[in-house]
Amino acid sequence: MPNTRVRVTVRAMSQRKFLVIADDSPEFQAALRFACRRARSTAGHVALLRVIEPAVFEHWSGVREEIERQAREEAEAVLHKMAEFVIAETGMPPEFIIVNAESTRAALRKVISEDPDIKILVLAASVGGRGPGPLVSSIAKDGVKWGARKLPVTVVPGDLTDDEIADLA
């Protein structure tokens, strides 16, 4: 019997990450639902960024450290709760990213510059006539400055329904 060579092609799992800022805004849920749908339809992943602003206690470092520890525990608990939804929507657990930073924009610059697998930032615009929201306004005004890296930003209306998201994503 002649030798038969079998060529096996292994397709690497997509490293495309959809980054969502896991904040307490009402529109966050729309951004998360949209990112989950896009991740599922493109074999991508969802990454959740939770920003912890530093505690300012110059005189009592022990108090500052305790506040920062509690803030981190709270961030982890919030992300774990959100993970249940992401797993249900995508079939895969999200990546948790917790960053101590002076602002969300500073945290975004750091995270995006350090992770080339993040391919799209998903934001949701504010609802109720309050304008698009501070981060969306900042990006619209100042542009996207992630260092040398270019990254698309998807801004979805914050009041999209599940059906509308399913139709768009």
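Residues numbered from 1 in each chain as written. Predicted model: local features only at pLDDT ≥ 70, side-chain atom pairs only at ≥ 80, totals over all residues. Heavy atoms only, no water.

As recorded in an unreviewed UniProt entry, the protein chain goes by the name Nucleotide-binding universal stress UspA family protein, listed as coming from Phenylobacterium haematophilum.

Caption draft 1: Geometry of the sheet that holds strand β5 (residues 153-157). As summarised here, the arrangement of the five strands in space is β3-β2-β1-β4-β5, forming an open sheet in which the pairing is parallel. The two strands at the open ends of the sheet, each matched to only one other strand, are β3 (95-100) and β5. The mean angle between the axes of side-by-side strands here comes to 30°, regardless of whether they run parallel or antiparallel. Sheet analysis places strand β1 (residues 17-21) next to strand β2 (residues 45-52), joined by five bridges and oriented parallel. What sits directly across from F18, in β2, is V46. Across the face of the sheet, helix α1 (residues 28-42) comes into contact with β1, β2, β4 (118-125) and β5 while running at roughly 175° to β1. (Pairing = 2+ DSSP bridges. Helix = DSSP H or I, 4+ residues; strand = E, 2+ residues; numbered from the N terminus. Axes fitted to C-alpha atoms, helices over the stretch in contact; angles between N-to-C directions. Contact = heavy atoms within 4.5 Å.)

Caption draft 2: Geometry of unusual backbone geometry. A positive phi is found at A43, a non-glycine position, where the angle reads about 60°. Along the chain, the position of A43 falls in the loop between α1 and β2. Note on A43: relative accessible area 42%, which makes it partly exposed. (Buried < 20%, exposed > 50% of the residue type's maximum accessible area, 1.4 Å probe, protein only.)

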